[in-house]
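# Per-entry structural report
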Amino acid sequence: MAGPEPFETISSLARQLDDRRVSSRELVEDSIARIERLNPVLNAVISLDKLGAIAAADQADKARAHGAVSPLLGVPMLHKDIFCTRGVRTSCASKMLEDFVPPYDATVVRKLHDAGMISLGKCNMDEFAMGSSNETSFFGAVKNPWDVNRVPGGSSGGSAAAVAAGLASLATGTDTGGSIRQPAALCGITGLKPSYGRVSRYGMIAFASSMDQAGPMARTAEDCALVLNAMAGHDPLDSTCADIAVPDYSAGLEQSIQGLRIGIPKEFFSSHLKNGVAARVNAAIKELESAGAVIVDISLPSTDLGISTYYVIAPAEASANLSRYDGVRYGYRCDSPSDLQDLYLRSRTEGFGEEVKRRILIGTFTLSAASYDQYFMKAQQVRRLIAEEYQSVLKDVDVIAGPSAPNTAFVLNDNSKSITDMYMEDVFTIGANLAGLPAISVPAGFVDGLPVGMQLIGPRFSEAQLLNIAHQFQRRTDWHSLTPNLEGLTR
Amino acid sequence: MKWEKVMGLEVHLQLSTHSKIFSSSATAFGADANTQTNPLDMALPGTLPVLNHAAVSQAIVFGLGVGAEIGKVSRFDRKNYFYPDLPKGYQISQFFEPIVREGVFEVPLEDGSIFPVRIVRAHLEEDAGKSVHDAIPGHTGIDLNRAGTPLLEVVTEPDFRTAEQVIAYLKALHALVTYLGISDGNMSQGSMRCDVNLSLRLEGETEYGTRTELKNINSFRFIERAIHVEAERQQDILESGQSIVQETRLFDPENDETRSMRSKEVANDYRYFPDPDLLPIIIDEETIEQIRGALPELPAVKRGRYATELGLSQYDANLLTQDRATAEFFEACCTASNNPKAAANWVLGDLSAALNKEGLAIDGCKVTPEGLGSLIRRIDDGTLSSKMAKTVFEGLWAGGCDVDRIIEDKGLKQVSDTGALETIVDELIANNPAQVDQYRAIDEGKQKKLIGFFVGQAMKASKGQANPQILNQLLKQKLGSP
């Protein structure tokens, strides 16, 4: 019996498991073998829990034999290393937490485990989720499966590369300013950032608490819907997690999008956008139009303010969130500190990477008494303005469509790219984070062999509609089913 | 030149919730180090605070108790600083929008008058852990049991001019929070911690001088002392023409001095900002009214009632309402005795002396209010003389529970039977003719002195059980007419 192909979707794997054409044990062993073969090049996975995964797979097979049915039961997956996993090292790709083993599971981890998914291990990422290229990881950069000389995007770069390379059909990601959508776009997969408060943040290592949100990264919108069904919902351990009912996200996927109003913000097609990308996204929008959607020109005039607003608020929150890494209770501690001040200074200087330290410094500055009003307060005001702009536009249109990222994947170690160039990667994604809105990135074609993503942004808690549109788009296109050629990629 | 002290207080009250303000760990005092902690208290990555609503209710109760405005919307903020006993590297507090806003708290003074103290605000915050310096030689240990314990910080205007006012305020605050059941107010265990901001100015001056902050002084006596020595220190500096440095100072009771802790000039910039992990606390009028309706009778109301309805002096009323347990004891004793004045005298007199002697608080009292009540009834119905009553009280204190039984056992019944007393008096007169003659010869003024001799003898003869009033009456009558 031939085993399943590496690029199968969750839905397809679930069918094969149901029909006993394959066992969870076989899927897990195939995935592990594939990770062991490809990961030395890709560096997408930084912790592999072989024994745990195999034991869980056997349990899932047993449960299935006893009649258990769940659309996710026995399907292998990977977690971004920002989610705490009990007994499995959770590093946030930082030297600071290189040896940190949490005594508890993040709610997302628990929920997917309860739904029967098998965690294979943990994905590489930008250190503490700070970056758009996955180059800030303490464990080294991740390679884009479409071109190993290029970045996968970030910060959920390991997750995106893992799914794109068929290491697993699902990886979890987190998105604070675009960290699910931009790497999904750059790696040619589907990534959903839910509304703020849709998925619990408990056990997810905090970067910027008012924007951090977990979501699924998979091959298709259909798979994202299946996984969101299990991930979403109120959690008493997270006060900001909304106590509102979770709909069946799979139920409405087949609905027609006839008559749906889709707004195209002119600011998303500005000079930031690489030409080829604009063409692909426009073609994708045409596709939606031919499926019956009504295309409306709109404006989000504050789009350009997003980046500076975000880069005041996110570092401010991060500067406090990362204060706990002080070398006192757990995590990295410098050698033989001479006194308390030295312990703090050297543990943090040696334990954090450059980008993390830069953001802590920015955040500490913007919150200081002398600059609070000028920076932090001002940024909060602009954030409200941006959120109101989105809300008012979303009264006229059902969703907003545009590019997920201004570029396709860029080359690794590109010294010509300045820090602020890097920050511009988030220009189209940040608005949804500032406004707390759900957004999805779907594969929309290629430019010079590199994937392009189309982004759809909807009103708060409209994930079902976004998934419906994305699914209808994927029924009419096959960008999402194209896979990179990884033959001969072993080192 | 006469100097005037100007003081404002910041009091940290530990609220009496069973679990911490943002985690489910217990708050009990005195457990082994780090046994009352969970991943949140240790600030492990990914943990999130979840507000304990009991702390919010207690803060509202406090606000209503001091007649303050309750913030309809209040928020939590992060106060950022590094310290080993502060696990997150920030303290969750309320800076911008506290839960309790302005109010005026009426403080009774010794002389029975009322001293109004303006409350600026009271806000919720979490306590830090403790650094332990002596447990591991050469190292500092961290105990996070206390980390996350709910505190209410109560801030006043600089309304205090004397140490007596400060102590009176603290006592009234202590009484209030124990009445309300929102804090045990235990200063030695740190449930009530007081910082005094103190400056001096010349009398008549309207501007405030530069202040120093006296931190965490853990008894009323030390607070009084700290104020005194710090005022003297400031006065010496000012009179020598120098100026005060604004700083935090620590009172050292052993050397009876205050010492600089850290200068505000190099103090932290705490970088307060709204905590994104917590939602605003929104309190509607209905909730406030519900809580108001469930409040116990407040000390101020009790004080007034004791004076007007029970006819007690303002002084006694103030003393009896200083803590809820005493007031409750007194009220139960009133019910049992139906004599509020006598009940007040006993509670503030013999009972309080007995408690003091054994170092007990009223909750450790060995006499029940009902027992004391029936003792008072036996005085009022003439069964006991006040002297006998003291003996019965001792019996109650020693573990007796039935007053009549004690009277019986000790043979303490007062003899008021005229016939029995007449026999004693007649015998006395027959056996002491010389004194009787002397009595009849002297004038009324001197008679009064001599009658004491007869009373003493008669008492002795009756083994102390003679009713003194009746005895007196009989003696006067029989000695006066041969």
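Residues numbered from 1 in each chain as written. Chains lettered and ligands numbered in written order. Predicted model: local features only at pLDDT ≥ 70, side-chain atom pairs only at ≥ 80, totals over all residues.

### Some remarks on the overall build of chain A
Rules: Secondary structure elements are defined from DSSP: runs of H or I of at least 4 residues count as helices, runs of E of at least 2 residues count as strands, and each element is numbered from the N terminus. Exposed residues have 12 or fewer other C-beta atoms within 10 Å of their own C-beta, buried residues have 20 or more, and residues in between are partly exposed; the C-beta atoms are placed from the backbone. We call two residues in contact whenever the C-beta atoms placed from their backbones are within 7 Å.
If you tally the helices and strands in chain A, you get 15 helices and eleven strands. A principal-axis box enclosing the C-alpha atoms of chain A has dimensions of 65 × 55 × 45 Å. Taken over 491 residues, chain A has a buried fraction of 60%. Taking the intrachain contacts of chain A between residues at least 6 apart in sequence as the baseline, contacts between residues at least 24 apart amount to 76%.

### Re the overall build of chain B
Selection rule: Every radius of gyration here is taken over C-alpha atoms, with the globule rule written as 2.2 Å times N^0.38, N being the number of residues.
Each helix and strand in chain B was counted, giving 15 helices and 15 strands. Here the C-alpha radius of gyration of chain B, 30 Å, is well above what a compact globule of 482 residues would show, namely 23 Å. Across its three principal directions, the C-alpha atoms of chain B cover 100 × 55 × 55 Å. Looking at chain B as a whole, 40% of its 482 residues are labelled buried. When contacts within chain B are restricted to residue pairs at least 6 apart in sequence, those whose partners lie at least 24 apart make up 68%.

### Examining the sheet that holds strand β14 (residues 273–274) of chain B
Residue and element names in this part refer to chain B. Threshold: The pairing criterion for strands is at least two bridges between them, as found by DSSP.
The strand order β4-β3-β14 describes an open sheet built from three strands, whose pairing is antiparallel. Only two strands of the sheet have a single partner each, and these edge strands are β4 (90–93) and β14. Direction of pairing for strand β3 (residues 77–80) relative to β14: antiparallel, over a ladder of two bridges. Among the inter-strand pairings, aspartate 77 is bridged to a residue of β14, identified as proline 274.

### Details of the environment of arginine 64 of chain A
Residues and elements named next belong to chain A. Within the secondary structure, arginine 64 sits in helix α3 (residues 50–65). Accessibility expressed as a C-beta count within 10 Å gives 19 for arginine 64, which makes it partly exposed. Between the C-alpha atom of arginine 64 and that of aspartate 18, which follows or precedes it by 46 residues, the distance is 7.9 Å.

### Quick notes on the interface of chain A and chain B
Every contact between the two is made by 34 residues of chain A and, on the other side, 25 residues of chain B. Listed by contribution, the elements that provide at least two residues to the side of chain A that touches chain B are α9 (305–321), α10 (340–351) and α11 (354–367) of chain A. With three residues, the top contributor of residues to the side of chain A that touches chain B is α9 of chain A.

### Brief notes about the environment of alanine 470 of chain A
Residue and element names in this part refer to chain A. Residue placement: alanine 470 occurs in helix α15 (residues 463–476). Among the residues examined, alanine 470 registers 27 C-beta atoms within 10 Å and is labelled buried. Along the primary structure alanine 470 and methionine 454 are separated by 16 residues, whereas in three dimensions their C-alpha atoms are 9.4 Å apart.

### Overview of the pairing of strand β12 (residues 247–252) of chain B
Residues and elements named next belong to chain B. Spelled out, the test is: The definition of a right-handed crossover adopted here requires that, viewed with the strands pointing away, the path from the first strand over the helix to the second runs clockwise.
Judged from the three bridges that link them, strand β11 (residues 212–217) and β12 form a sheet pairing that is parallel. Bridging across to β12, glutamate 213 finds its partner in threonine 248. You can see the chain leave β11, run along helix α3 (residues 220–239) and come back into β12, and the turn it takes is left-handed.

### A closer look at α3 of chain B
All names here are of chain B. We count it as follows: In this analysis, the expected span of each helix is defined as 1.5 Å times one less than the number of residues it contains. The directions from the helix axis to the C-beta atoms form the arc being described.
If you check α3, its first and last C-alpha atoms are 28 Å apart, about what 20 residues at 1.5 Å a residue would give, namely 28 Å. Those residues of α3 not exposed but buried are Ile223, Ala226, Ile227, Glu230 and Gln234. Viewed along the axis of α3, the buried residues span an arc of 100°, placing them on a single side of the element. When the buried face of α3 is taken as reference, the exposed residues oriented beyond 90 degrees from it are Arg221, Asp236 and Glu239. One or two residues past the end of α3 sits glycine 241, with phi positive at roughly 85°.

### As for the nonpolar core
Residues and elements named next belong to chain A. In plain terms, the rule: For this entry, the nonpolar core is defined as buried Ala, Val, Leu, Ile, Met, Phe, Trp, Tyr and Cys residues connected by C-beta atoms within 7 Å.
With 150 residues, the main nonpolar core has Met77, Ile118, Ala162, Val163 and Leu456 as its most contacted residues. Here the element with the most residues in this core is helix α7 (residues 221–231); it accounts for eight residues. In this view, leucine 456 contacts Val399, Ala401, Ala439, Ile440, Leu466, Ile469 and Ala470; residues no more than four positions away in its chain are not counted.

### A word on the pairing of strand β5 (residues 103–108) of chain B
Residues and elements named next belong to chain B. In this sheet, strand β6 (residues 114–126) lies alongside β5 in antiparallel orientation, the contact comprising six bridges. Counterpart to phenylalanine 105 in the pairing with β6 is valine 117. The antiparallel hairpin formed by β5 and β6 contains five residues in its connecting segment, where glycine 112 sits at a positive phi of about 90°.

### What to know about the environment of glycine 148 of chain B
Residue and element names in this part refer to chain B. For glycine 148, the location among the structural elements is in the loop between β8 (141–143) and β9 (150–156). Taking the C-beta count within 10 Å as the criterion, glycine 148 has 30 such neighbours and is therefore assigned buried. Sequence separation of glycine 148 and alanine 128 is 20 residues, and the distance between their C-alpha atoms is 6.4 Å. Among all residues touching glycine 148, those that are not within four sequence positions of it are Lys20, Ile21, Phe22, Ser23, Ser25, Asp41, Glu126 and Asp127.

### Side note on unusual backbone geometry
All names here are of chain A. For the peptide bond that leads from glycine 154 to serine 155, omega is 10°, which places it in the cis range. By the secondary structure assignment, serine 155 is in the loop between β3 (118–123) and α5 (157–164). For cysteine 92, which is not glycine, the phi torsion reads 55° and is therefore positive. When you line up the elements, cysteine 92 lands in the loop between β2 (76–80) and α4 (107–114). On the basis of neighbour count, cysteine 92 is assigned to the buried category, with 32 C-beta atoms found within 10 Å. Here the phi dihedral of phenylalanine 128 falls at roughly 50°; this positive angle occurs in a residue that is not glycine. Mapping phenylalanine 128 onto the fold places it in the loop between β3 and α5.

### Brief notes about helix α10 (residues 386–397) of chain B
Residue and element names in this part refer to chain B. Its twelve residues place the ends of α10 16 Å apart at the C-alpha level, agreeing with the 16 Å of an ideal helix rising 1.5 Å per residue. If you check which residues of α10 are buried, you get Ala389, Val392, Phe393, Gly395 and Leu396. Looking down the long axis of α10, one finds its buried residues gathered within 155° of arc, a one-sided arrangement. Looking at the packing, one finds that the buried side of α10 touches α8 (340–358), α9 (369–380) and α11 (403–409). Positive backbone phi, at 120°, marks glycine 399, one or two positions downstream of α10.

### Some words on the confidence of the model for chain B
Basically, it comes down to this: Confidence scores here are pLDDT values: one per residue, from the predictor, ranging 0 to 100.
In the predicted model, chain B carries a mean pLDDT of 90, and the fraction of residues at 70 or more is 98%. The ipTM for the predicted assembly is 0.96, set against a pTM of 0.89.

### Digging into the packing of helix α1 (residues 53–65) of chain B against helix α2 (residues 163–180) of chain B
Residues and elements named next belong to chain B. Stated formally: Axes, fitted as lines to C-alpha atoms, cover a helix only where it is in contact. Angles between the N-to-C directions of the axes lie from 0 to 180 degrees. Angles are sorted into four bins: roughly parallel if under 35 degrees, roughly antiparallel if over 145, roughly perpendicular if 65 to 115, and oblique for all others. We call a crossing left-handed when the near helix sits turned anticlockwise from the far one by less than a right angle, and right-handed when that turn is clockwise.
Their axes nearest at 10 Å, the elements α1 and α2 cross at an angle of 130°. Here α1 is positioned oblique relative to α2, judged by the angle of their axes. Here α1 and α2 pass one another in a crossing that is right-handed. Of the residues in α2, those touching α1 at Val61, Phe62 and Gly65 are Leu176, Val177 and Leu180.

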